[in-house]
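Now for the letters of each chain:
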Amino acid sequence: MKLSVRFAGVTALAALLATACAPQTSSNSSSGEDEKTGTLRVWLFQEVGNAPKQKVVDSVVADFEKAHKGTEVKVEYIPIDTRAQRVKAAFNDPGSAPDVMEYGNTDTAGYVKDGGLLDITEEFGDWSEAKDTDPTAKQSVTVEGKLYGAPFYVGVRALYYRTDVFEELGLAVPRTMAELATTARKIRAARPDLYGLVVGGAYTYGAMPFVWANGGELASGKGGSYASGIDSPEARKGIEEYTSLFGDDNCPAAKCAGMGGNDTVSAFAAGKAGMAIGGDFSHTAVEAGKVKGKYAVVPLPGVKPGSIAPAFAGGNNIGVLKSTSHRTLAVDLMEQLASKKTQAKLFDAMGFLPTFTDVRQQAAAKEPFVKPFVRTLSAGTKFVPASPAWAQIDSSLVLPTMFQQIISGKKDVPAASEDAAKKMNTAFGSAG
């Protein structure tokens, strides 16, 4: 599961940075230089199977160096589990910092607050390929109307289901969230050895489509003035729908309350569930499991028949550090790494979903498994609040705690969501 680790962990890792002291970088810390030759340092994430990614990147670097005489590019692949510390050190010490860096898309606001990323709004606007960028992907590099990088790839979740189980029980693919719950319980009743729809109390981005489909939001506002929306009537309706799936008639709380996203996908891949909410990045793991050849994927249904529940748009970006002394070259290299050509090659090599709508459609035509995820993206996705507070909210497990309090019966939906909203608002206030 080379991708699932990233998506599941990206916000948690960002939190390590957010909970540390914010670096004392400011607009004055930029070198102000724009050297046209010399060495460019690049940090990219180390994949579980990194060779295909490196081959694509090596090709980009070779072309870049050929086009820019007197320029050398040094790429370092950094471990995900130590990247928070590496990035913090880079922001504090420009001498050790790369010029160009890959980062998780939920990290953007925190990194901007820490003064580490370069505002490339003007260059992005002049980039000919930028017009085809998916709007939600563009949102993930945007803070207060300014852009701080280029989207690198995206990832979304959809509904995996067992075709053999559905055929055996004569079930139709759910067309609404209500039908999803009913179908899950039918599977569990007929096949007690299976979870109907495997869900997780610690699976934030598996739960949020239920909130969003019912009209709820994580928060509203911008910058330092975000306010939680998790306790709204619409959000509460979605929370109720999701938490009602934790029971002996579908996914017993004793086993499912502590599950995260990877746990639910693993259960499905192992043949222990009739349905699961998994990402395009889960495909490799499912293919390697016991259900290979016995499953299909459709977009997660929304409230109305034929609608698609909004999914969280995960993924990574490529940005330029504010401390670079090679601004023009660094921005050019960023654009080459995040270009349509490179994204198409990375899809072929790694399965990364492109952030350009036209390149993504080409990918879907080439690989059928991508189609339900592309449909989900096209239907409209959601993103986390563009606030540095999000890392704190995520690391404090505010939403999983809320779900688990409800699942365990310790609190009802109104009380648990009110408590979560207070915690979120405290975080938003302190980040302002």
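Residues numbered from 1 in each chain as written. Predicted model: local features only at pLDDT ≥ 70, side-chain atom pairs only at ≥ 80, totals over all residues. Heavy atoms only, no water.

Trainee: So what exactly am I meant to see when it comes to the nonpolar core here?
Mentor: Soluble globular proteins: nonpolar side chains tend toward being buried together. Judged by nonpolar contacts, the single largest core of 83 residues is most densely connected at Leu197, Ile230, Tyr242, Met275, Leu399 and Met402. Top contributing element to this core by residue count: helix H20 (residues 413-431), with eight residues. Excluding residues within four positions of it along the chain, Tyr242 makes contact with Val199, Gly200, Tyr203, Gly206, Ala207, Phe210 and Phe403. Judged by nonpolar contacts, the second largest core, of 52 residues, contains Phe45, Ala130, Ala150 and Phe352. (Core = buried A, V, L, I, M, F, W, Y, C linked by side-chain atoms within 4.5 Å. Buried < 20%, exposed > 50% of the residue type's maximum accessible area, 1.4 Å probe, protein only. Helix = DSSP H or I, 4+ residues; strand = E, 2+ residues; numbered from the N terminus. Contact = heavy atoms within 4.5 Å.)

Trainee: Even after reading the chapter, I still don't get the side chain of Thr176, so can you show me in this structure?
Mentor: The residue Thr176 is located in the loop between helix H7 (163-169) and helix H8 (177-190) in this model. With relative accessibility at 7%, the residue Thr176 sits in the buried group. A distance of 3.0 Å separates a polar side-chain atom of Thr176 from the backbone nitrogen of Glu179. Non-local contacts of Thr176, meaning those with residues more than four positions away in its chain, are made with Pro301, Gly302, Val303, Lys304 and Pro305. (Polar contact = N/O pair within 3.5 Å; in protein donor to acceptor, adjacent residues only side chain to side chain.)

Trainee: Even after reading the chapter, I still don't get the pairing of strand S1 (residues 38-45), so can you show me in this structure?
Mentor: The two faces of a sheet get side chains in turn, since along a regular strand they alternate between them. In the sheet, S1 pairs with strand S2 (residues 71-78) via eight bridges, with the strands oriented parallel. Residue pairing across strands places Val42 opposite Val75, the latter belonging to S2. Inspection of the sheet shows S1 paired to strand S3 (residues 100-104) by two bridges, in the parallel sense. Bridged to Val42 within S3 is Val100. (Pairing = 2+ DSSP bridges.)

Trainee: Please explain the packing of aromatic side chains as it appears in this structure.
Mentor: For any pair of aromatic rings, geometry is given as the distance between the ring centres together with the angle between the planes. Scanning the model with the defined rule gives 17 aromatic pairs in all. Ring centres of Tyr161 and Phe166 lie 4.9 Å apart, and the angle between their planes is 55°; on these two criteria the pair is classed as tilted. On the accessibility criterion, Phe166 (4% relative accessible area) is buried. Pairwise contacts between aromatic rings join Tyr160, Phe268, Tyr295 and Phe373 into one cluster. Seen from the ring of Trp43, Arg86 lies directly overhead, with NZ or CZ sitting 4.5 Å from the centre. (Phe/Tyr/Trp six-rings, centres within 6.5 Å; stacked < 30°, edge-to-face > 60°. Lys NZ or Arg CZ within 6 Å of the ring centre and 35° of its normal.)

Trainee: It is not clear to me how the pattern of salt bridges should be interpreted in this structure. Could you clarify?
Mentor: Pairing is possible between side chains of opposite charge, provided their charged atoms come close. A complete count under the given rule lists 19 salt bridges for this structure. Here Asp193 makes a salt bridge to Arg191, at a shortest N to O gap of 3.0 Å. Given a relative accessible area of 19%, Arg191 falls into the buried group. Between Lys292 and Glu287 there is a salt bridge whose closest N-O contact spans 2.7 Å. (Salt bridge = Lys/Arg side-chain N within 4 Å of Asp/Glu carboxyl O.)

Trainee: What's the story with the sheet that holds strand S14 (residues 314-320) in this structure? I'm lost.
Mentor: Remark on secondary structure: sheet strands pair via backbone hydrogen bonds, oriented parallel or antiparallel. Strand order in the open sheet formed by five strands is S2-S1-S3-S14-S6, and the pairing between neighbours is mixed. The sheet is open, and its two borders are formed by S2 and strand S6 (150-155), each paired with just one other strand. Pairs of neighbouring strands in the sheet enclose a mean axial angle of 20°, with direction left out of account. As paired strands, S3 and S14 are joined by five bridges and run antiparallel to one another. Of the residues in S14, the one forming a bridge with Val100 is Val320. (Axes fitted to C-alpha atoms, helices over the stretch in contact; angles between N-to-C directions.)

Trainee: How should I be thinking about the side chain of Thr376 in this particular structure?
Mentor: Structurally, the position occupied by Thr376 is in helix H17 (residues 371-379). Note on Thr376: relative accessible area 1%, which makes it buried. Setting aside anything within four residues of it in sequence, one finds Thr376 in contact with Val156, Arg157, Ala158, Pro299, Ile308, Ala311 and Thr381.

Trainee: Explanation requested: the sheet that holds strand S11 (residues 273-279) in the structure shown.
Mentor: Reading across the sheet, the four strands line up as S8-S11-S7-S12 and stay open at both edges, with mixed pairing between neighbours. The sheet is open, and its two borders are formed by strand S8 (195-198) and strand S12 (295-298), each paired with just one other strand. Across the sheet, the axes of successive neighbouring strands diverge by a mean angle of 20°, strand direction being ignored. As defined by bridge partners, strand S7 (residues 157-162) adjoins S12 across four bridges and the pair is classed as antiparallel.

Trainee: Please explain the state of the cysteines as it appears in this structure.
Mentor: Disulfides are covalent bonds that connect the sulfur atoms of two cysteines. Enumeration over the complete set of coordinates arrives at one disulfide. Bridging Cys251 to Cys256, the disulfide has an S-S length of 2.0 Å. Of note, the bridge from Cys251 to Cys256 carries an S-S torsion of about -85° and is left-handed in sense. Overall, the relative accessible area of 0% leaves Cys251 in the buried class. A relative accessible area of 0% places Cys256 in the buried class. (Disulfide = S-S within 2.5 Å.)

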